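Summary of structural features
Here is how the chains run, residue by residue.
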Amino acid sequence: GASVCSLCPLGTFTNFEGTSECRSCTAALASLDLFTTTTLGASNTSFCVCPAGTYRSGLSCTSCPEGMTCPAGSDISSRDTLPRVNVGYMTIPDEPLTVYKCELEQHCPGGDPGSCETLRD
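Owing to the predicted nature of the structure, the values given are computational and were not obtained by experimental measurement. (Residues numbered from 1 in each chain as written. Predicted model: local features only at pLDDT ≥ 70, side-chain atom pairs only at ≥ 80, totals over all residues. Heavy atoms only, no water.)

Re the pattern of salt bridges
- Here the structure, examined in full by the defined rule, presents one salt bridge.
- Between Arg84 and Asp112 there is a salt bridge, and its shortest N-O distance comes to 2.4 Å. Note that Arg84 is positioned in strand S6 (residues 84–85) and Asp112 in the segment after strand S8 (95–101), a separation of 28 residues in sequence.
- Under the relative-accessibility criterion, Asp112 is labelled partly exposed at 44%. (Salt bridge = Lys/Arg side-chain N within 4 Å of Asp/Glu carboxyl O. Helix = DSSP H or I, 4+ residues; strand = E, 2+ residues; numbered from the N terminus. Buried < 20%, exposed > 50% of the residue type's maximum accessible area, 1.4 Å probe, protein only.)

Next comes the structure, spelled out in structure tokens:
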């Protein structure tokens, strides 16, 4: 009979369609950190990301700084994937991972680095 294909589970990928071998992201990236994928059926290492609560820096997953939220896939290599600043905290664009707690929470809406109220940096 014909064999049934199944998608590679989270944290794994395969480069070849129709193969039954799924490779671990962590092993493929030769990293000590636990990389994962956000979807089933990943087809290469570009789908391998750091899990929620951490961000990628090179081949390492680093704990999210206090005052920030790191969804799965946070990465310092791109402005689009930087960890998000929590309400009541701020960062400056040139140092997006250096977090400051605001004296008045309403002046710091969170979001992108440098997203504090006008003239409040």
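Overview of the state of the cysteines
- Enumeration over the complete set of coordinates arrives at five disulfides.
- Covalent S-S linkage joins Cys50 and Cys61, the inter-sulfur distance amounting to 2.1 Å. Across the S-S bond of Cys50 and Cys61 the torsion is about -90°, and the bridge reads as left-handed. Of the two residues, Cys50 is situated in the loop between helix H1 (25–28) and strand S3 (54–57) and Cys61 in strand S4 (residues 60–63); the sequence distance between them amounts to 11 residues. Taken as a pair, Cys50 and Cys61 share a single burial class, namely buried.
- The disulfide partner of Cys102 is Cys108, and the gap between their sulfur atoms is 1.7 Å. Between Cys102 and Cys108, the S-S torsion sits near -95°, and that sign places the bridge as left-handed. (Disulfide = S-S within 2.5 Å.)

Looking at the side chain of Thr12
- Tracing the chain through its elements places Thr12 in strand S1 (residues 12–13).
- A polar side-chain atom of Thr12 sits 2.6 Å from the main-chain carbonyl oxygen of Pro9.
- Ignoring anything within four residues of it in the chain, the contact list for Thr12 reads Cys22, Arg23, Ser24, Cys25, Thr37 and Ala42. (Polar contact = N/O pair within 3.5 Å; in protein donor to acceptor, adjacent residues only side chain to side chain. Contact = heavy atoms within 4.5 Å.)

On their own, these measurements won't tell you what the molecule is for.
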